[in-house]
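# Examining the three-dimensional arrangement
In case you want the letters, here they are:
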Amino acid sequence: MLRAIVVALGLVFAATASAQGGKVTVVTSFSKDVTDPIRKAFEKAVPGTTLEVQNRNTNAGVKFLEETKGNNQVDLFWASAPDAFEVLKGKKLLDAYKPKATGIAEKVGSYPVNDKDGFYSGFAASGYGIMWNDRYVKAKKLPTPKEWQDLAQAPYYDHVSISAPSRSGTTHLTIETILQGEGWDKGWRTVKEIAGNLHQVTDRSFGVPEAVNSGQVGYGIVIDFFAFSSQGGGFPVKFVYPSVTTLVPANIGIVANAPNRAGAEAFIEFLLSPAGQETLLEATIRRLPVRPATYDKAPPDYPNPFKDKNLQGLLTFNAELSETRNAAVDVLFDQLITFQLEPLKAATRTLHEVEAALAKKDNAQARALAKEARDLIAAMPITDAQAASPEIRAAFSGGKEKTARQAELEQQWAAFAKDKYTAAKAKADEALKLVR
Amino acid sequence: MSDHAAAHDPSVRFADTSPSRTPRRGGTRVAHSPGQIALALAIALFLIVFLVAPVATVAYVAFTEKGTGAPTLVNFLDFARTDLFVRSFWNSVYVSAMTVVWASVLALPLAYLTTRFEFRGAALVQTLGFLPLIMPPFVGAVAMQLLFGRNGTVNLLLDEWFDFKIGVMEGLNGVIFLQAIHYFPFILINLSAALRNIDRAMEEAAQNLGSHGFRLFRRIALPLAMPGYVAGASLVFVKVFDDVASPLLLNVKEMLAPQAYLRITSIGIDDPMGYVISVVLIAIAVVTMWGSARVLKGKDYATVQRGGGGLARRRLTRGQSALAYAVVLLVLALVLAPHVGLLLLSFATVWSFSPLPDGYTLAHYARVLGDSSTYIKNTLLYAGLAAAIDVAIGGAIAYLVLRTRLPGRQMLDWLAGAALAVPGVVLGIGYLRAFYGVTLPGGVPMATLWIMIVLAIAIRRLPYALRAAYAALQQISVSLEEAAENLGATKSRTVRRVVIPLMTGGLLAGFVTSFATAAVELSAVLMLVQNNSDAPLSYGLYVLMQTPAGRGAGAALGVIAVVIVAICMGLSQLAIDRSQRNRGLDI
Amino acid sequence: MSGTMSKAVSIDIRGVNLSYGATRILKGIDLSIRPGEFFAFLGPSGCGKTTLLRLIAGFAQAQTGQVLLDGQDVAGLPPWKRDVGMVFQSYALWPHMTVAKNVAFGLEERRLLRREINAKVAEALELVGLAAYADRRPAQLSGGQQQRVAVARTIAIEPKVLLLDEPLSNLDAKMRVSVRRELRALQQRLGLTTIFVTHDQEEANTICDRIAVMEAGTIRQVGTPMELYERPDNLFVAGFLGSANILDGKAVNGVFEVAGGARLPLPGGVQVPAGARLVFRPQHAALSITGALRGPVVHREFLGATVRYGVRVADSEILVDAPFQSGSDLHAVGDTVGIALPSERALYLAA
């Protein structure tokens, strides 16, 4: 009944829907600045075809494909975060395709450019790093960072911004990179130490460069092209790749049951063609091409992952591992950091004061207390094995089996973090009393 | 917005719609004509298909057990057991209540001075006072950060001159600040309408008995205008409680609506809590509306009391006048700050960690001019159609509730009102779920048609038009309709020839409110836009605001949006004025 | 209250001119109202009577002139410092307060002790006979009761003068008669200088000591009801108070020639101002066989004690009242009759 009415109503407007023709529909998290030049070049290169761009952030895009899979109208999914593609692949929302283009590197950094099962292909690389507002840093006489660990130092307190990994595919990769690079426990320790200095956790990837560009915060943890395109836009910002980073390809994949499969393939081929790769060098895009030959046409100082020393021998990103604990990492970050930021910052702040006082006058007992406090902060409610365990994965995936509910886990973890941070603050206060 | 027009007015109030409140006791009609029944059924069908069903497809998850899908309430228990949600709930209550307080502080002087006194520029003040409602998403917050943020204009200057900063944009206070500015027009509009209807003799009698100044306001004008105030305040409360955008733009996530939004839109998470929170949000909105209707029951003095004093205004002395203008200018400067910031941003080359932009350029306008014509066309089309649908349905519901005794007519009212509380993202996902599987001949899914965007916006803005329609109909005496029937007009002809013409002003006012706010709607739009050629301005703005180079262009587009909406409002207002004048209502 | 009333005050209005923009509302008003007097401003709507009242209360500002209460110029005082009690035409009872709260309002504004306020409220309500209604809301009262609450609210503050703006206009006819008597009785008891604004001459005549008849922003005549009725100064006053026949004509050699041909001898000593017309009351003329004015009866109205005939003379219709006695013959419409008018009853008035 309902459907019948809806159809009847819809019929009236059916005439307005445009013809399928040579239209290739792509859902992407890339901004207009990126998609427009590429679209224009593509439409010129393949006459008679139009590229229809639907701009959604990575998460909303995945959600959209899920919600509309029964009657899919999208040909391609095009985004940075490889794990979003892993999620889509896992949900059988992608079709395999092996690009015919030649001259594309097998690996960028130490990361394979293409999905081993052929469900998605890399077309550009991006790395993660730290961006800062030069004016802000100069005005407040703050240091310039080199490594992730730098951001955990006292001078950075309340000056750093990050987007929540649950909201931003790129940040998720950043966190996962640190976890893979330093190991679960040490990695979380680093992440939490940096988090103690956060001013804010944004819910959009772009919220971070936006805040750095406006000078609302000094430093942001971002994907490289946000910094490069901000520089391109004239903002007084700088960027550095820490040594524990990874270059990860930005990807494109054909959506299962694509209405215009041929057009989708044509677009992938174009992206990987010399002309397509060259568009990546434009000032508003600034992605790292995966075709090494393209770097010959790059402006000077353009990072070259195939030659630059600091981009060699980087961490090998394990996308499968990332995928198995994807939800757990996101939820842990939210429950331990995003929604416990106040107690975490309070403890961190006191620890910074203790540190400063200890530098002037050492006190073994205070030092021990501070270490205890740091350990309390670093404590994790679950191990990496647990995070990847089927029980915990099922709690987030809505699987058929009856497991703990997500809300229950979240409450447990949040309570755990709050207790630890409060205890850490108490220890730090105690330490501070000793050194004062 | 000229004053008499507003008097008849965009009051977006929760009317107490019990039959005893119809203009004449016992004047409610008893007969149900087939036309009325058909109308009621058609509206019910519309609301079920485009509001209840889509929301139900999403919200039922809240009542199912994980894994098995069996019906359960355990999720609500989880809600109550989770510190984060409880904390978010109280944060939302606090922010909503404080927003009402601050919005009142902003709205009271503006409403009182422009309605009860001879105040030059009252119409302009009322119009400017409406503008904050038309704040394009994203850019508004960016502009506010640049002006009032921790390193915004104000704080950079304060820091330089006096070595201190004010944290108005930090945490919950920031949300309150932003929301109070954004939503205060709802209180301004309702309170002004109520104050305007107070007979001057009511105040003069008090002056005559020795009362003046603030006491006069507190003891006479304010209590008499209380129904309008409560209507506006409860609307602000509900809107703030359900608003996602402003808290998130300030990175405040520990509030209920943002929690719902974040959970619903996060991937890889298949969890009912987002929907549980949505159900809680809807429940709170309905309770608030019901509560305000209870409070107002039998208290609509302002429209009842009329007498010899007329509606003439008092005069201000020279000193009072200077003070009044100072207060009004201060309030306007504050509430229009986002627009000023937006304008600056749209001309700025680079604006980073400095009180003012480094330089100015027209390049952003040049950049968006090409793209924006499609956006503008779509926005006008969507917002216009949505507002027209709202006015038609709102007017019809008001008529059915106030003028008939059809069983279940209250349900229509509550349903339409509940739309206020449905988070845009829930409605958007509901539309995708409910309509994407419905394929039209030619293989096009129903949900991809642009008309779905229109319907979603129309549903979201329906409560505004509905309240305006109530206000308009309540001011029309039943006897006018009885006279028409007495002279041989059928019910439907009476509606067409008497009721609708008399309601025109009020309905147009409802149109303006729905239109203006629909034009900057984003949350539902974001889920439903299928391609750029169907996208409205708000979507174009969202896309631009995701890139560093897009900030200025986004601001330019935002300015264009505000200007266009303002022009449309101005034109509608002219039409309202004319229709009122033709009916001799302005004397 | 009756016992605590301070002495009544006089009201003097001197040379008041008031205009709103280009519209002149009050033109050169001079008026003296005696202490304790029950005074009426009478005139058609738009004559400025309410504005004059509002001027006294402080709700209107004159461009020139003075308002003196008890000899003191009150021009600089805002309404809330004038101690001038006003009852509004709409009563302006506050719907959000009970009757008692309404009455207590002015006393609370004067920061009286709660005990005193309660006593005075009770007294005022007692005075208007509404003691039992103290806890009701205004909407629960009849029109007459509302009016009495409005009066109680005003007199509770023991004002220097009492201003009543068309206080009876919202009441039905029967109610008006009883309420106006109550008002008169109350005023007498309080001895309060009172101004009563009305457009109804009967109201003014029945309860007021003196009346100022106003027209188009000016005072046309001031006097007791009898004076105004018997000896109007001008055509306006004559026409406004009671019914009057007004006939064009001119005075020539001791005779007033009425347009249409009739001639009335002027008694000696009667001065006929330039442009004057003949004015007389219907009850002062009589139908007779003879009479200078003759014409057909064009209508007849039975008024109870009298029968009013309309007689067409030349172009005008003259009203003549004849006492009605049962059994007596009445003239029929169409009969030609004469009108006898004692010359001392004829007035010759200019506009």
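What counts as what
Residues numbered from 1 in each chain as written. Chains lettered and ligands numbered in written order. Predicted model: local features only at pLDDT ≥ 70, side-chain atom pairs only at ≥ 80, totals over all residues. Helix = DSSP H or I, 4+ residues; strand = E, 2+ residues; numbered from the N terminus. Buried ≥ 20, exposed ≤ 12 C-beta atoms within 10 Å, placed from the backbone. Contact = placed C-beta atoms within 7 Å. Nonpolar A, V, L, I, M, F, W, Y, C, P; charged D, E, K, R; others polar. Pairing = 2+ DSSP bridges. Axes fitted to C-alpha atoms, helices over the stretch in contact; angles between N-to-C directions. Expected span 1.5 Å × (residues − 1). Arc of directions from axis to C-beta. Core = buried A, V, L, I, M, F, W, Y, C linked by C-beta atoms within 7 Å. pLDDT = per-residue confidence, 0-100. Right-handed = clockwise from strand over helix to strand, strands pointing away. Parallel < 35°, antiparallel > 145°, perpendicular 65-115°, else oblique. Left-handed = near helix turned anticlockwise from the far one by under 90°.

## Structural notes on the overall build of chain C
A count of helices and strands for chain C gives eight helices and 21 strands. For chain C, the C-alpha atoms occupy an extent of roughly 75 × 50 × 35 Å along the three principal directions. Per-residue burial for chain C yields a buried fraction of 42% across its 351 residues.

## Overview of the interface of chain B and chain A
Taken together, the 61 residues of chain B in the interface contact 73 residues of chain A. Counting residues per element, the side of chain B that touches chain A draws most heavily on helix α19 (residues 424–436) of chain B, at five residues. Across the side of chain B that touches chain A, the residue classes tally to 29 nonpolar, 22 polar and 10 charged.

## Observations regarding the sheet that holds strand β16 (residues 286–288) of chain C
Hydrogen bonds between backbone groups are what pair the strands of a sheet, and the pairing can be parallel or antiparallel. Residues and elements named next belong to chain C. Here five strands make up an open sheet; going across it, the order is β16-β20-β17-β18-β19 and the pairing antiparallel. Of all the strands in the sheet, just β16 and β19 (316–323) have a single pairing partner and so form its edges. Averaged over neighbouring strand pairs, the angle between their axes works out to 50 degrees when direction is ignored. Pairing between β16 and strand β20 (residues 336–340): three bridges, direction antiparallel. Residue S288 lies in a different strand from β20, and its bridge partner there is G338.

## Considering helix α5 (residues 173–190) of chain C
All names here are of chain C. The end-to-end C-alpha separation of α5 is 26 Å, in line with the 26 Å expected for 18 residues at 1.5 Å each. Buried within α5 we find R176, V179, R180, L183 and Q187. The buried residues of α5 occupy an angular sector of 105 degrees when the element is viewed end-on, so they sit on one face. When the buried face of α5 is taken as reference, the exposed residues oriented beyond 90 degrees from it are K174, S178, R181, A185 and R189. Contact partners of the buried residues in α5: β3 (38–42), α4 (143–155), β8 (193–198) and α6 (201–207). Count one or two residues on from α5 and you reach G191, which has phi positive near 65 degrees.

## Let's talk about the nonpolar core
Counting 443 residues, the largest nonpolar core has L76(A), L281(B), M452(B), A152(C), L163(C) and I195(C) as its most contacted members. Ignoring sequence-local partners within four residues, the contact set of L76(A) consists of V24(A), V26(A), I252(A), G253(A), I254(A), V255(A), A264(A) and F267(A).

## A few points about the confidence of the model for chain B
All names here are of chain B. On average, residues of chain B score 80 in pLDDT, and 88% of them are at 70 or above. Mean pLDDT across the elements of chain B ranges from a minimum in helix α1 (residues 3–7), with 36, to a maximum in helix α4 (residues 83–116), with 93. In the predicted structure, residues 302–309 sits below a pLDDT of 50 and forms 33 contacts with residues beyond four places in sequence or in another chain.

## Describing the pairing of strand β1 (residues 23–28) of chain A
Residue and element names in this part refer to chain A. Within β1, five of the six residues are buried, which leaves it mostly tucked inside the rest of the structure. Following the backbone out of β1, through helix α2 (residues 32–45) and into the adjacent parallel strand β2 (residues 50–55), one traces a crossover that is right-handed. By the bridge criterion, three bridges tie β1 to strand β3 (residues 76–79) in an arrangement that is parallel. Considered in β3, the bridge of V27 is made with F77.

## Let's talk about the sheet that holds strand β12 (residues 249–252) of chain C
All names here are of chain C. Read from one edge to the other, the open sheet built from three strands follows the order β12-β13-β14, with strand pairing classed as antiparallel. Since the sheet does not close on itself, it has two edges, and those belong to β12 and β14 (263–265), each with one partner. Averaged over all pairs of adjacent strands, the angle between their axes in this sheet comes to 25 degrees, without regard to strand direction. The sheet contact formed by strand β13 (residues 255–258) and β14 spans three bridges and is antiparallel. Within the sheet, the bridge partner assigned to F256 lies in β14 and is L264.

## Observations regarding the pairing of strand β10 (residues 219–223) of chain A
Regular strands show a simple pattern: their side chains alternate between the two faces of the sheet. Residues and elements named next belong to chain A. Within β10, five of the five residues are buried, which leaves the element mostly enclosed by the surrounding structure. Here β10 shows two buried faces, one formed by Y219, I221 and I223 and the other by G220 and V222. By the bridge criterion, five bridges tie strand β7 (residues 121–133) to β10 in an arrangement that is antiparallel. Counterpart to G129 in the pairing with β10 is V222. Note: strand β8 (residues 160–163) against β10, two bridges, orientation parallel. Counted as the bridge partner of V160 is Y219 from β10.

## Section: the interface of chain C and chain B
The interface is formed by 23 residues belonging to chain C together with 20 residues belonging to chain B. A class-by-class count of the residues in the side of chain C that touches chain B yields 13 nonpolar, five polar and five charged.

## Re the packing of helix α17 (residues 363–403) of chain B against helix α18 (residues 409–418) of chain B
When two helices pack together, their arrangement is given by the angle between the helix axes and by the axis-to-axis distance. Residues and elements named next belong to chain B. Put simply, α17 and α18 touch, their axes get as near as 9 Å, and they point 140 degrees apart. Classified by the angle between their axes, α17 and α18 sit oblique to one another. Viewed along their axes, α17 and α18 form a crossing whose handedness is left-handed. On α18, the residues that touch I397, L400 and V401 of α17 are R409, Q410, L412, D413 and A416.

## Some thoughts on unusual backbone geometry
Located in the positive-phi region is N257(A), a residue other than glycine, with phi close to 60 degrees. Mapped onto the elements of the fold, N257(A) is located in the loop between β12 (247–255) and α10 (261–272).

## Topic: the confidence of the model for chain C
Caution applies to low-pLDDT regions: their predicted coordinates should not be interpreted in detail. Residues and elements named next belong to chain C. Per-residue pLDDT for chain C averages 83, and the proportion of residues at 70 or more is 98%. Segment residues 1–5 is flagged for pLDDT under 50; beyond a separation of four residues in sequence, or across chains, it makes 12 contacts in the model. Interface scoring of the predicted complex returns ipTM 0.81; its pTM is 0.81.

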